Amino acid sequence: AVEMVLQDPAAFHLVFMDNLMPTMSGVEATRQLRKGGYTHLVVGVTGNVLEDDLAEYLSAGADLILPKPLKLASLNMLFRFIGHHGFATREGMILVEHSNKLRWTPNPRQLLLKG
């Protein structure tokens, strides 16, 4: 999947990256996407909600982490954000929930979208 995205990045405006995948972890796949120059949003999806696990995902280049099970409210919030701001990532920033809206922030301590 990483190769597909990097061969034609314009065809993939948004990537949902599960952490547990058969060939490589979502963290490693995210790292490879960023290293390959992918500049659109990468949303990590994981059941591992320990702060160290989340920090690893973010340091690999994820823009947002959604905990499993995914909640419709979280997805709606993400899609509203994309509708207003587009798919481009911001280097050194992450998306966090604030008053039921997503916003870019450099603060790595607010890691989860509460849903």
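Cut-offs used in this document
- Residues numbered from 1 in each chain as written.
- Predicted model: local features only at pLDDT ≥ 70, side-chain atom pairs only at ≥ 80, totals over all residues.
- Heavy atoms only, no water.
- Salt bridge = Lys/Arg side-chain N within 4 Å of Asp/Glu carboxyl O.
- Helix = DSSP H or I, 4+ residues; strand = E, 2+ residues; numbered from the N terminus.
- Buried < 20%, exposed > 50% of the residue type's maximum accessible area, 1.4 Å probe, protein only.
- Contact = heavy atoms within 4.5 Å.

Draft legend 1. Representation of the pattern of salt bridges. What the rule picks out here adds up to three salt bridges. Note that lysine 68 is salt-bridged to aspartate 18, the shortest N-O span being 2.9 Å. With lysine 68 in the loop between β3 (64–67) and α4 (72–85) and aspartate 18 in strand β1 (residues 14–18), this pair connects stretches of sequence that are 50 residues apart. What makes lysine 68 partly exposed here is its relative accessible area of 38%. Aspartate 18 sits in the partly exposed class, given a relative accessible area of 26%. Linking arginine 34 and aspartate 63 is a salt bridge whose minimum nitrogen-to-oxygen distance equals 2.6 Å. One end of the pair, arginine 34, is in helix α2 (residues 26–35); the other, aspartate 63, is in the loop between α3 (51–60) and β3, and 29 residues separate them in sequence. Taken as a pair, arginine 34 and aspartate 63 share a single burial class, namely buried.

Draft legend 2. How the structure looks around the side chain of histidine 40. Along the polypeptide, histidine 40 turns up in the loop between α2 and β2 (41–46). Accessibility expressed as a relative area gives 18% for histidine 40, which makes it buried. The contacts of histidine 40, once residues within four sequence positions are left out, are Pro9, Phe12, His13, Arg34, Asp63, Phe87, Ala88 and Thr89.

Draft legend 3. Representation of unusual backbone geometry within the structure. Here the bond from lysine 68 into proline 69 is cis, since omega is -5 degrees, no more than 30 degrees from zero. Inspection of the secondary structure assignment puts proline 69 in the loop between β3 and α4. Phi angles above zero are rare outside glycine, and serine 99 is one such case at about 55 degrees. Residue position: serine 99 is located in the loop between β4 (94–98) and β5 (101–105). Unlike most non-glycine residues, asparagine 100 shows phi in positive territory, near 65 degrees. By the secondary structure assignment, asparagine 100 is in the loop between β4 and β5. Asparagine 100 sits in the exposed class, given a relative accessible area of 53%.

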